[in-house]
Amino acid sequence: MHRFALLLAGVGFVAPAWADSVPATTLDTLTVTATRLKTPWRELGSSLTVLSAEDLKARQIYTVADALRVVPGLDVVRLGPLGQQTSVFLRGANSNHVLVLIDGVEANDPANPGGLFDFAHLTVDAIERIEILRGPQSSLYGADAIGGVIQIFTKQGQGKPKASLRAEGGSFGTYRVLGESSGRLDAFGYSLTASQLKSHGFSAADRHFAGNREDDGYRNTTVSAKISFAPSERLTLDGTTRYSRAEADVDNCGGARCDDPNARAFTDQVFSSLSGRLTLFDGLWEPKLQLAHTFIDRNFRNPEDPANPFSSFTRFQGEKLRLDFQNTFHPLPEDDLLVGFADELEILRSDQLARRGMSTRQYYLENRLKWLERFITSAGLRQDDPANFGDKVTWRLTQAVLLPETGTKLRASYGKGFKAPTLFQLFAPDTGFGPVGNPALKPETSRGWEVGIDQTLFGERALFGATYFRNDFRNLIDFVFGQGYVNRSFAESEGVEVYGEVRPLDFLTLRGTYTYTRTDDPNRKRLLRRPSHKGSFDADLKLWENAHLHLNVLAVGTRDDLDFNAFPARRVRLASYALVNLAASYRVNQYLEVFGRLDNLFDKRYQEALGFATSRIAGFGGVRLAF
């Protein structure tokens, strides 16, 4: 284990990285998530990672979850092949402590018992960039942002209209077709994307255990559209929608170690919004009104079979309507004041629970002030007033100090977060084994702070940085057999994130990250499925302007998990692992590109969660036609 930690530390310092930042050559890239305002990365006082469309294309990955694996402080766990439940853990926080936004639309499932977002079905189609903001962010985004925010921005229509068609296939009977078109015609811009991903997969229950041979297949159809209309320089209207339909075979037989030949999960997701933005009084006031709609329908079917004499059919529908009126004022040249109001309605429908709803009114204030050309202070305050319990006030403060003489940025932030109980946790009906829902639940809360430094060298051809963070979570909601949901747990996490990036040659970029995370549960044991050590290394090589080679190495340390095949469940430790992935592409001409990738190049056997299988060595390839 010590040698593993030293290896990752070497990766973090010697093979510098993409982590807490955008690449060294784009320090002025405008970001939105950390302040809800367009802010250059170099002026942020919070830890923010940006993954660009170029990053996603270079790695040739299918899902957002796979893109997030290289982000410092973030761990991804998928329970089997494509389409299986996929969770993220940000700085040790629970998977339901991360708010996910798609073009500003809250994507967390109101019908999920914990209110989490399942990354299993979110593909990289039409994505322009992904911003990952770490630490409590409830003052900006309210409930669900207790541990951080992941925001996905889809592509805007720009330039002359163009189109492309992509087809690829490979291991496990996998194929993917994708067509897209985008462009701008005077005041009208559009971006349209449609794809289908299908795979025969492999057994979600690990084949290492006897008898697990039945493949668990997956099908995903996704359509994404964004339109914009700017009739004048002062008015912009936008509309977005993203629809996906997913079907996945699952192994659901009371544990992770056995096949289920006919259990299937169906998921429909729709994320839509309409918004309008004005610029008034020579830019002194910018009001924006957004209406957002989230709809998620989950349907699980498990007929009886020889190994399972009991059938099971369940359905959950979650819906969220949100009206957000955000006003940005510029009282001074370097002062941005954000004042907003939002009204939100969450709805849960299921077979076991009659329609339930919860409305929440939200008031928020954020001020960002740059003074003396080198100090950037951001302060936020928010009040959430849910109808089912008392109001909750959260706040956040960040500070960045720029030292242009040395290319240094010092930064720090402190904030409070909270997560409201979900509708299921509040109102789920009693069963024959005891209560489930608990209307007396209190919100979960968190306090988090961090300090960090970012340093550029050699004319911004190199970027290094480090962050220390700590989070304390209180009133965590657990399910206790015979009692239902109760507030009883607390947890702590602290750690260090180190990153760096070096561009020694115009055609070569080296990136690397290392994260150490210490977590404690009420018994002073590590939180499940969170590694203490994690690192990544990326080498991006562009040759002859037409060829592109990308190497990715991901190293994950030991994790604790529970073995439910024993009674009572016993804690076990999963072995550390390192994966090597390689992707290459070649642009034959302006119309044709060929590409391919190898995952798990050295055929490493490993587990992300006890009893669930992972991919062995796999190869994929395809072509892209541009018009």
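Residues numbered from 1 in each chain as written. Predicted model: local features only at pLDDT ≥ 70, side-chain atom pairs only at ≥ 80, totals over all residues. Heavy atoms only, no water.

## Some remarks on the overall build of the protein
Scanning the protein from N- to C-terminus turns up five helices and 33 strands. Viewed in the frame of its principal axes, the protein has a C-alpha envelope of about 70 × 60 × 50 Å. A burial count over the protein gives 57% of its 627 residues as buried. If you take every contact in the protein between residues at least 6 apart in sequence, the share linking residues at least 24 apart comes to 61%. As displayed, the protein has an accessible area near 26,000 Å², and 60% of this comes from carbon and sulfur atoms. Distance between charge centroids for the protein: 2 Å, based on 74 positive and 74 negative side chains. (Helix = DSSP H or I, 4+ residues; strand = E, 2+ residues; numbered from the N terminus. Buried < 20%, exposed > 50% of the residue type's maximum accessible area, 1.4 Å probe, protein only. Contact = heavy atoms within 4.5 Å. Areas by Shrake-Rupley, 256 points an atom, 1.4 Å probe, with all protein chains shown as cover. Lys, Arg positive; Asp, Glu negative; His and termini not counted. Charge placed at Lys NZ, Arg CZ, Asp CG, Glu CD.)

## Topic: the side chain of Glu-501
As for its position among the elements, Glu-501 is in strand β25 (residues 484–505). Accessibility expressed as a relative area gives 4% for Glu-501, which makes it buried. At 3.3 Å, the side chain of Glu-501 and the side chain of Arg-511 are in polar contact. (Polar contact = N/O pair within 3.5 Å; in protein donor to acceptor, adjacent residues only side chain to side chain.)

## Considerations on the packing of aromatic side chains
On inspection of all chains with the given rule, the structure shows 16 aromatic pairs. The interplanar angle of 10 degrees and the centroid separation of 6.0 Å between the aromatic rings of Trp-285 and Phe-329 together place this pair among those described as stacked. In this pair, Trp-285 sits in strand β16 (residues 285–302) while Phe-329 sits in strand β17 (residues 312–332), placing the two residues 44 residues apart along the sequence. On the accessibility criterion, Phe-329 (29% relative accessible area) is partly exposed. (Phe/Tyr/Trp six-rings, centres within 6.5 Å; stacked < 30°, edge-to-face > 60°.)

## Remarks on the sheet that holds strand β3 (residues 48–52)
With respect to topology, five strands assemble into an open sheet ordered β3-β8-β9-β6-β7, the strand pairing being mixed. Here the strands that pair on one side only, and so sit at the sheet edges, are β3 and β7 (105–106). Pairing analysis gives seven bridges linking strand β8 (residues 127–134) to strand β9 (residues 148–154), with the strands arranged antiparallel. Paired with Arg-129 across the two strands is Phe-153, which belongs to β9. (Pairing = 2+ DSSP bridges.)

## Details of the confidence of the model for the protein
The predicted model of the protein averages 92 in pLDDT, with 94% of residues at 70 or higher. Segment residues 1–25 is flagged for pLDDT under 50; beyond a separation of four residues in sequence, or across chains, it makes 91 contacts in the model. (pLDDT = per-residue confidence, 0-100.)

## With respect to the nonpolar core
Core analysis: the biggest nonpolar cluster contains 30 residues, and Leu-68, Leu-74, Phe-119, Ile-130, Ile-132 and Ile-150 have the highest contact counts within it. Only α3 (64–68), β4 (74–78), β5 (86–90), β6 (98–102), β8, β9 and β16 provide two or more residues apiece to this core. Ignoring sequence-local partners within four residues, the contact set of Leu-68 consists of Leu-51, Leu-74, Val-76, Val-88, Phe-119, Ile-130, Ile-132, Ile-150 and Lys-534. (Core = buried A, V, L, I, M, F, W, Y, C linked by side-chain atoms within 4.5 Å.)

## Some thoughts on the side chain of Arg-78
Note that Arg-78 resides in strand β4. Those residues in contact with Arg-78 that lie beyond four places of it in its chain are Thr-63, Asp-66, Arg-69, Gln-84, Gln-85, Thr-86 and Glu-608.

## Topic: the pairing of β3
Among the five residues in β3, four count as buried, and that is most of the element. Alignment of β3 against β8, held across five bridges, turns out to be antiparallel. Across the sheet, Ser-52 pairs through a bridge with Arg-129, a residue of β8.

## Observations concerning the pairing of strand β18 (residues 335–350)
By the bridge criterion, 15 bridges tie β17 to β18 in an arrangement that is antiparallel. What sits directly across from Lys-320, in β18, is Glu-346. Where β17 folds back onto β18 in an antiparallel hairpin, the turn is made up of two residues. Of the pairings in the sheet, the one linking β18 to strand β19 (residues 356–371) comprises 14 bridges and is antiparallel in character. Following the sheet pairing, Leu-348 is matched in β19 by Arg-356. Here β18 hands over to β19 after five residues, the two strands then running antiparallel side by side.

## Here we look at the pattern of salt bridges
Within the structure shown, the criterion is met by 58 salt bridges. Lys-226 serves as the salt-bridge partner of Asp-103, at 3.2 Å between the closest nitrogen and oxygen. Here Asp-103 is found in the loop between β6 and β7, whereas its partner Lys-226 is found in strand β13 (residues 216–232), with 123 residues between them in sequence. By relative accessible area, Lys-226 is classed as buried at 9%. The partner of Arg-368 in a salt bridge is Asp-336, with the nearest N and O atoms 3.2 Å apart. Of this pair, Arg-368 sits in strand β19 while Asp-336 sits in strand β18, and the two are 32 residues apart along the sequence. For the pair shown, Arg-368 and Asp-336 are each scored as buried. Through salt bridges with shared partners, one network takes in Arg-470, Asp-472, Arg-474, Glu-492, Glu-494, Arg-518, Asp-520 and Arg-524. (Salt bridge = Lys/Arg side-chain N within 4 Å of Asp/Glu carboxyl O.)

## Examining the environment of Glu-494
Mapped onto the fold, Glu-494 is located in strand β25. For the pair Glu-494 and Thr-519, spaced 25 residues apart in the sequence, the C-alpha separation amounts to 6.7 Å. Among residues more than four places away in sequence, those in contact with Glu-494 are Tyr-468, Phe-469, Arg-470, Tyr-516, Thr-517 and Arg-518. Of note is the side chain of Glu-494, whose polar atom sits 2.4 Å from the side chain of Tyr-468.

## What about unusual backbone geometry?
A negative phi angle characterises most non-glycine residues, just as the trans form characterises most peptide bonds. Phi at Arg-36 is positive, roughly 65 degrees, even though this residue is not glycine. Structurally, the position occupied by Arg-36 is in the loop between β1 (30–31) and β2 (39–40). Of note in the backbone geometry, Asp-282 takes a positive phi value of approximately 55 degrees without being a glycine. Relative to the assigned elements, Asp-282 resides in the loop between β15 (264–278) and β16. Taking the relative accessible area as the measure of exposure, Asp-282 reaches 84% and is therefore exposed.

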